[in-house]
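Understanding the architecture of this molecule
Each chain, written out:
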Number of protein chains: 2
Amino acid sequence: MCQLLGMNCATPTDITFSFRGFSQRAGITSDHSDGFGIAFFEDKACRLFVDNQSAVESPIAELVRNYPIKSRNVIAHIRKATQGKITLENSHPFVRELWGRQWIFAHNGDLYDFQPRLSGRFTPVGNTDSELAFCYLLDKFVEKFGYHEPSLKEIFAVLHEISPKIAEYGTFNFCLSNGQALFSYATTKLHWLVREYPFQHAKLIDLDVDIDFSEVTTPEDRVAVITTEPLTHNETWQAYRQGEMILFQHGQPIQRAMTVVARLQREAQDPSLKRITKADQY
Amino acid sequence: MCQLLGMNCATPTDITFSFRGFSQRAGITSDHSDGFGIAFFEDKACRLFVDNQSAVESPIAELVRNYPIKSRNVIAHIRKATQGKITLENSHPFVRELWGRQWIFAHNGDLYDFQPRLSGRFTPVGNTDSELAFCYLLDKFVEKFGYHEPSLKEIFAVLHEISPKIAEYGTFNFCLSNGQALFSYATTKLHWLVREYPFQHAKLIDLDVDIDFSEVTTPEDRVAVITTEPLTHNETWQAYRQGEMILFQHGQPIQRAMTVVARLQREAQDPSLKRITKADQY
């Protein structure tokens with residue numbers, strides 16, 4: 001299992017405040033210490049930093065906490081290994097190029113007996129269920145649209161169709177971005193908020209650090225933050241509903257939809273069907 | 001234009017010594033200050049650090065100089081922009097996944113009027129001739145082998161056939177690695193050496209730093225270094241011949257072959273045919 005952090009912004013913004021709190025969970029306020037990764041988009045390109053050291057100890061995480069890289073779309077991940085070894089190739093986020101854009105994906109959850117047939121167009125480098133799901137999603141994009149880049153709305157429609165099918169195999173919370181927007185989906189746990197004018201004061205939960213955003217922002221700024229567990233005490237985080245998909249662009253939700261995960265419905269009706277997994281214990 | 005640095009090793013080795021000298025050329029001993037990048041393989045996965053700041057000023061380059069990441073295959077690049085803007089998406093090395101491995105490519109040179117037809121399987125994210133050539137090479141791999149991973153020897157054969165054709169369009173010095181081995185090719189300038197037992201003393205050209213490799217190595221170590229311009233004073237660097245391709249594995253050349261670049265032959269016979277380009281001046 002692991003924790004996710006996503007950020008989608010109207011103007012290029014640095015994530016140092018949120019990442020400082022989030023990375024504490026890699027060994028200090030929580031035990032997600034089996035590697036970390038963070039990807040920053042700058043237009044179509046992206047910088048991806050991964051390390052199989054924890055985000056507390058890694059010199060690369062230290063750089064990220066101190067080097068304010070400004071980006072409109074960021075996805076970060078801290079890992080507690082449940083499937084796949086602690087190696088670099090199993091560190092999220094994962095990256096692939098499609099339609100002349102980099103695509104970045106990070107997953108929270110475990111998928112069991114998920115063995116889809118892949119075309120070969122996208123092949124996992126490591127051996128996680130997560131990278132396999134990412135390759136499968138991209139395969140479905142190509143199957144649907146070929147090599148002609150579709151609109152965000154069209155991509156949302158495919159994700160809305162495929163994601164609940166993958167979620168039949170287990171917990172499937174994810175963040176996905178191509179640098180234009182950030183797609184997010186939750187079957188168990190994910191939270192979000194939007195910081196916008198008039199900006200407020202915020203205080204991290206995981207670290208004794210606070211910030212007055214009104215001092216470091218302009219009225220044009222707007223930032224959506226997506227995270228497994230809320231990062232701050234005094235802001236209103238909204239929980240995703242089971243099966244909810246939200247597309248963020250320009251720092252706000254631009255499309256929201258529910259999906260039906262049949263397994264979750266069956267389990268709600270008869271809790272004895274629920275498979276208790278290691279993943280559920282975290 | 002730009003400069004290249006490649007390293008292929010028998011055992012995981014850090015590149016800090018060579019990178020310290022190499023990165024001086026990004027503004028101090030030379031003017032290759034329009035971005036830098038470096039990729040480190042760890043088995044099939046790789047870490048790619050890129051920045052559109054110079055390798056002298058970038059905090060990411062500072063991290064690389066001080067964090068000894070051990071790797072068997074490394075490719076680094078410092079850029080002096082001649083084609084494409086100074087943006088992150090134009091920073092080498094470039095990365096793509098094929099056959100469940102990451103592939104890393106960096107190019108030194110300029111290609112003119114090089115407009116190959118691509119399948120769509122690999123599409124440039126930026127607008128450099130270099131990334132286009134990389135996508136074209138990978139397209140040719142898939143055209144030849146489909147989605148079944150070939151041997152290094154088979155890949156060498158395709159590169160040997162295609163590279164001189166691309167070199168018809170200009171200068172084509174490159175390093176390419178999939179984490180198993182490092183392919184290199186030169187039409188104008190590239191040098192290499194192998195450091196192995198008994199290890200010697202080496203002194204950087206670009207910085208007043210020297211090292212006695214015998215103190216920091218074991219007899220099992222062996223390291224091939226590939227670079228545009230020699231990095232050290234007191235080692236014997238071998239220059240690539242025009243059109244030479246060398247495949248390095250386990251820290252030594254395992255396959256070498258010459259290619260015939262028809263344009264270079266014509267220019268040798270009649271120097272007035274040679275197009276003087278900005279690239280040639282660096």
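The shown structure was predicted, so the numbers you read here are calculated from the model rather than taken from an experiment.

Within the largest apolar cluster, 52 residues are counted, with the highest numbers of intra-cluster contacts made by F19(A), I38(A), F49(A), F19(B), I38(B) and F49(B). Here I38(A) is in contact with I15(A), F19(A), R47(A), L48(A), F49(A), V64(A), V74(A), I75(A), A76(A) and P93(A), once residues within four sequence places are set aside. Grouped together as the second largest cluster of nonpolar side chains are 37 residues, A133(B), V142(B), L159(B) and A257(B) included.

Take the interface of chain A and chain B next. Between chain A and chain B, the residue contacts involve 32 residues of the former and 32 residues of the latter. Of the roughly 2600 Å² buried between chain A and chain B on both sides combined, carbon and sulfur atoms contribute 58%. Among the residues chain A hides against chain B, the three largest losses belong to L88(A), E97(A) and V125(A). Together they make up 20% of the total. Across the contact surface, chain A and chain B share 4 salt bridges. A salt bridge links D51(A) to R47(B), with the nearest nitrogen and oxygen atoms 2.7 Å apart. Across the chain A-chain B interface, the total number found is 15 residue pairs in polar contact (both at pLDDT 80 or more). Sorting the residues of the side of chain A that touches chain B by element identifies β3 (45-51), α2 (59-66), β5 (94-98) and β6 (101-108) of chain A as the ones contributing at least two each. Among the elements that make up the side of chain A that touches chain B, the one with the highest residue count is β3(A) (7 residues).

With an RMSD of 0.0 Å, chain A superimposes on chain B once it is rotated by 180° and translated 0.0 Å along the axis. What the rotation and shift describe, once combined, is the action of a two-fold rotation axis. Most of the interface of chain A is mirrored in chain B, where 100% of its interface residues again form contacts.

Next up on the list: the pairing of strand β4 (residues 70-79) of chain B. All names here are of chain B. β4 sits mainly inside the fold: 8 of its 10 residues count as buried. Across 9 bridges, the pairing between strand β1 (residues 2-14) and β4 is antiparallel. Within β4, the residue paired with D14 across the bridge is K70. Strand direction decides the pairing type here: strand β2 (residues 36-42) and β4, joined by 5 bridges, are antiparallel. Counted as the bridge partner of I38 is A76 from β4.

Take the side chain of R47(B) next. Following the sequence through the fold, R47(B) ends up in strand β3 (residues 45-51). At a separation of 3.0 Å, a polar atom in the side chain of R47(B) contacts the main-chain carbonyl oxygen of V50(A). With residues near it in sequence (within four places) discarded, R47(B) still touches V50(A), D51(A), N52(A), I60(A), L88(A), I38(B), A39(B), F40(B), E42(B) and I69(B).

With 17 residues, helix α3 (residues 129-145) of chain B extends 24 Å between its outermost C-alpha atoms, agreeing within 8% with the 24 Å of an ideal straight helix rising 1.5 Å per residue. The buried fraction of α3(B) is high, at 15 of 17 residues.

A separate point is the pattern of salt bridges. Residues and elements named next belong to chain A. Tallying each qualifying case throughout the model produces 30 salt bridges over all chains. In this structure, R101 and E149 form a salt bridge, with 2.7 Å as the shortest nitrogen-oxygen distance. With R101 in strand β6 and E149 in the loop between α3 (129-145) and α4 (152-167), this pair connects stretches of sequence that are 48 residues apart. By relative accessible area, R101 is classed as buried at 13%.

Note on terminology: a disulfide is the covalent bond linking the sulfur atoms of two cysteines. Taken as a whole, this structure holds 0 disulfides over all chains when the rule is applied. Left without a disulfide partner, C46(A) is nearest to the cysteine sulfur of C46(B), which lies 12 Å away. Judged by its relative accessible area of 16%, C46(A) is buried.

Take the sheet that holds β2(B) next. Sheet architecture is open: 7 strands sit in the order β3-β2-β4-β1-β12-β9-β13 (chain B), paired in antiparallel fashion. The open sheet is flanked by β3 and β13 (238-239) of chain B, the only strands paired with a single partner.

For the structure shown, the criterion picks out 33 aromatic pairs over all chains. Taking the centre distance of 5.4 Å and the plane angle of 90° together, the rings of F17(B) and F213(B) count as edge-to-face. Note that F17(B) is positioned in helix α1 (residues 16-23) and F213(B) in the loop between β11 (210-212) and β12 (222-227), a separation of 196 residues in sequence. Members of the aromatic cluster, joined through ring pairs, are F105(A), F134(A), F172(A), F174(A) and Y185(A).

Each value, and the rule that gives it
Throughout this document, residue positions are counted from 1 along each chain, in the order its sequence is written. Starting at A for chains and at 1 for ligands, labels are handed out in the order in which the entities are written. pLDDT decides what is reported in this predicted model: residues at 70 or higher carry local features, side-chain atom pairs at 80 or more are listed and counted, and totals for whole chains, interfaces and linings draw on all residues regardless. Note that the side-chain values use all heavy atoms of the structure and ignore hydrogens as well as water. What is meant by a nonpolar core is a set of buried Ala, Val, Leu, Ile, Met, Phe, Trp, Tyr and Cys residues, joined one to another through side-chain atoms within 4.5 Å. Burial classes: relative accessible area under 20% of the type maximum marks a residue as buried, over 50% as exposed, and values in between as partly exposed (1.4 Å probe, protein chains only). Should any heavy atoms of two residues lie within 4.5 Å, those residues are considered in contact. Here's the idea: put two parts together, see how much 1.4 Å probe accessible area each one loses, and the total over both is what we call buried area. In the sections that follow, a salt bridge refers to a side-chain nitrogen of Lys or Arg positioned within 4 Å of a carboxyl oxygen of Asp or Glu. In protein, a polar contact requires one atom able to donate a hydrogen and another able to accept it; more generally it is a pair of N or O atoms within 3.5 Å, and residues adjacent in sequence count only if both atoms are side-chain atoms. Each helix is a run of DSSP H or I of at least 4 residues and each strand a run of E of at least 2, with the numbering of both proceeding from the N terminus. The fit set for superposing copies consists of C-alpha atoms from residues with pLDDT of at least 70 in both; the fit itself is least squares. Only when DSSP finds a minimum of two bridges between them are two strands counted as paired. Helix span, as expected, comes to 1.5 Å for every residue beyond the first. Cysteine sulfur pairs qualify as disulfides if the two atoms are within 2.5 Å. Any Phe, Tyr or Trp ring, taking Trp's six-membered ring, that has another such ring centre within 6.5 Å forms a pair; planes under 30 degrees apart are called stacked, those over 60 apart edge-to-face, and the others tilted.

What is shown is where atoms sit, not what they do.
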